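# Topology and contacts: notes
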Amino acid sequence: MATVLLKPGREKSLLRRHPWIFSGAVQQLDEEPVSGGTVELLSSTREFLARASYSPSSQIRARVWTFEDEPVDKEFFRKRIRSAIDARQRLKIEHHSNASRLIYAESDGIPGLIVDRYGNVLVLQSLTAGSEFWKETLADLLLEETGLSTIYERSDADVRELEGLEPKVGTLRGSLSSLRPGSGQAFVFPITEHSLEFKINLQSGHKTGSYLDQRKNRLRVRELAQDKDVLDCFCYTGGFTVNALAGGAKSVLSIDSSADALALCKENIALNSLDETRHTALEGDVFQILRKFRDENRSFDMIILDPPKFAPTAAFAEKAARGYKDINLLGFKLLKPGGFLCTYSCSGGISADLFQKIIAGAALDAGVDAQIVHQLHASADHPVLLSFPEGAYLKGLVLRVA
Ligand code: SAH
């Protein structure tokens with residue numbers, strides 16, 4: 001095994017059990033490790049620190065598998081996978097949904113690996129050289145530990161590029177067509193979430209097919225939507241829209257720039273036998289439409305703002321902050337007195353603290369007083385390690401304006 005000697009002082013983050021080593025922390029390598037291969041991390045005084053996967057082309061040069069001096073092999077990963085699955089079983093998510101996150105990368109001690117379960121299909125995302133190196137072993141273990149037979153791979157996230165990896169999409173184990181014989185629609189099938197059904201497109205849906213992280217936040221919207229005129233911005237395939245209608249909203253106007261997403265949003269409303277006459281879909285740019293609505297003095301009882309990631313890393317934080325301020329300021333202006341703003345950020349580069357400050361600034365500039373009703377984060381199947389706060393990318397606030 002190759003050893004990676006760190007510069008003096010650069011062992012500190014590892015001693016706090018943070019799992020990343022940046023390229024600038026590396027003093028010397030005794031040999032060039034293969035991409036994703038396991039290396040031993042040593043302090044500048046040659047003390048053992050951790051075993052890690054090596055990413056030759058990434059700024060994050062190594063990610064820790066273990067802080068113990070133990071073999072990293074199939075049995076090692078079996079323990080990690082078993083522990084992650086066991087933790088999810090204790091959460092009893094299956095009482096609410098047949099779709100959940102089984103493995104959440106660093107948070108479950110397997111950096112680079114995301115595994116979501118949709119019914120009897122596992123969707124795997126391998127994001128780093130390390131998870132790619134072990135992918136076949138991890139796939140075998142996932143089937144052995146879940147008793148399932150199908151894994152679909154959605155390793156098409158942009159971050160793979162930083163690791164020098166090409167996108168990969170396709171069936172990794174088993175077959176999807178066996179699940180829906182003859183339908184020709186093997187990639188689209190419904191999942192259940194809090195008694196509502198949603199069609200998920202495994203092949204082209206965002207992330208692994210859908211946004212499982214917002215599960216309980218969608219329920220919060222359902223609870224508040226009764227008799228309200230709701231505006232759902234960045235609605236995608238209707239996660240919040242369907243919940244608002246199910247919660248008794250008087251009307252829901254859903255905006256997205258993607259015609260395909262809006263089409264699936266409408267299908268999801270029909271799938272749940274909700275009143276389509278209470279729904280309007282609008283294709284376009286949220287930033288422009290909110291301005292237009294402001295100029296037309298339109299107003300709503302509830303506004304949902306769930307935009308795409310504006311800041312993937314802290315380097316984009318400033319530009320992202322302007323984007324969040326802009327839409328939230330407009331959101332506040334379009335709310336009736338006593339209305340609710342349900343606002344979210346999935347930007348890793350924006351902390352919950354900063355997000356709340358941005359929203360406070362937006363309210364101030366909009367001239368409204370608002371109180372926080374719910375402080376939200378990702379659902380419990382996306383746990384966050386205390387030593388790896390980067391895992392807490394999703395934050396949300398439900399605010400009631402005076
Ligand atoms: N709220 C959704 C997830 C939103 S994902 C859910 O709970 O499932 C972000 C969505 O924003 C995508 O569907 C994307 O098409 C859309 N989008 C991105 N930029 C946009 C813009 N400027 N105007 C409108 N929609 C946009």
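Before reading further, recall that the structure is shown in the block above.
First, a word on what this report is: a plain description of the structure on this page. Fair warning: this is a prediction, and the values are worked out from it, not measured in the lab.

What counts, and at which threshold
Residues numbered from 1 in each chain as written. Predicted model: local features only at pLDDT ≥ 70, side-chain atom pairs only at ≥ 80, totals over all residues. Heavy atoms only, no water. Helix = DSSP H or I, 4+ residues; strand = E, 2+ residues; numbered from the N terminus. Buried < 20%, exposed > 50% of the residue type's maximum accessible area, 1.4 Å probe, protein only. Salt bridge = Lys/Arg side-chain N within 4 Å of Asp/Glu carboxyl O. Near = heavy atom within 4 Å. Polar contact = N/O pair within 3.5 Å; in protein donor to acceptor, adjacent residues only side chain to side chain. Areas by Shrake-Rupley, 256 points an atom, 1.4 Å probe, with all protein chains shown as cover. Nonpolar A, V, L, I, M, F, W, Y, C, P; charged D, E, K, R; others polar. Phe/Tyr/Trp six-rings, centres within 6.5 Å; stacked < 30°, edge-to-face > 60°. Pairing = 2+ DSSP bridges. Contact = heavy atoms within 4.5 Å.

On to unusual backbone geometry, then. When glycine is set aside, most residues are seen to have a negative phi, and most peptide bonds are trans. With a phi angle near 70°, serine 195 is a residue other than glycine that sits in the positive phi range. Summarising the element assignment, serine 195 is placed in the loop between strand 12 (188-193) and strand 13 (196-201). The class for serine 195 is exposed, based on a relative accessible area of 68%. Of note, the phi angle at aspartate 227 is positive, near 65°, even though the residue is not glycine.

Overall, the coordinates contain 34 salt bridges when judged by the stated rule. The salt bridge involving lysine 135 is made with glutamate 132; its shortest N-O contact spans 3.0 Å. Its relative accessible area of 5% is what places lysine 135 among the buried residues. Residue aspartate 229 is joined to lysine 250 by a salt bridge in which the shortest nitrogen-to-oxygen separation is 3.7 Å. With aspartate 229 in strand 14 (residues 229-233) and lysine 250 in the loop between helix 6 (239-246) and strand 15 (251-256), the pair connects residues that are 21 residues apart, well separated along the chain. A relative accessible area of 17% places aspartate 229 in the buried class. Each member of the salt-bridge network shares a partner with another, and the members are Lys74, Glu75, Arg78, Arg82, Glu144 and Glu145.

Let's shift gears to the site of the ligand. Surveying the vicinity of the ligand reveals 16 residues, the closest of which are Asp256, Ser257, Asp285, Val286 and Asp306. In the model, a nitrogen atom of the ligand is placed 3.5 Å from a nitrogen or oxygen of the glycine 284 main chain. Valine 286 places a main-chain nitrogen or oxygen 2.9 Å from a nitrogen atom of the ligand. In isolation the ligand has 580 Å² of accessible area, and contact with the protein removes 87% of it. The residue inventory of the shell around the ligand, partitioned by class, reads 8 nonpolar, 4 polar and 4 charged.

Summed over the entire model, instances satisfying the criterion amount to 14 aromatic pairs. Note on tryptophan 20 and phenylalanine 22: the rings are 6.1 Å apart at their centroids and 85° apart in plane angle, and the pair reads as edge-to-face. Accessibility expressed as a relative area gives 17% for tryptophan 20, which makes it buried. Judged by centre distance (4.9 Å) and plane angle (90°), the rings of tryptophan 65 and phenylalanine 77 are edge-to-face.

Here we take up the pairing of strand 20 (residues 395-401). With 6 of 7 residues buried, strand 20 lies mostly within the body of the structure. Examined bridge by bridge, strand 18 (residues 335-345) and strand 20 share 6 bridges and lie antiparallel to one another. Note that in strand 20 the partner of tyrosine 344 across the bridge is glycine 396. As defined by bridge partners, strand 19 (residues 370-377) adjoins strand 20 across 7 bridges and the pair is classed as antiparallel. The residue bridging glutamine 371 from the neighbouring strand is arginine 400, located in strand 20.

For the rest of this paragraph, the subject is the side chain of histidine 382. Looking at the secondary structure, you find histidine 382 in the loop between strand 19 and strand 20. With a relative accessible area of 4%, histidine 382 lands in the buried category. Engagement of the side chain of histidine 382 in a polar contact is seen with the side chain of aspartate 381, the distance being 3.1 Å. The contacts of histidine 382, once residues within four sequence positions are left out, are Arg101, Tyr104, Leu212, Asp213 and Tyr393.

Note that all results are geometric; they support no functional claim without further evidence.
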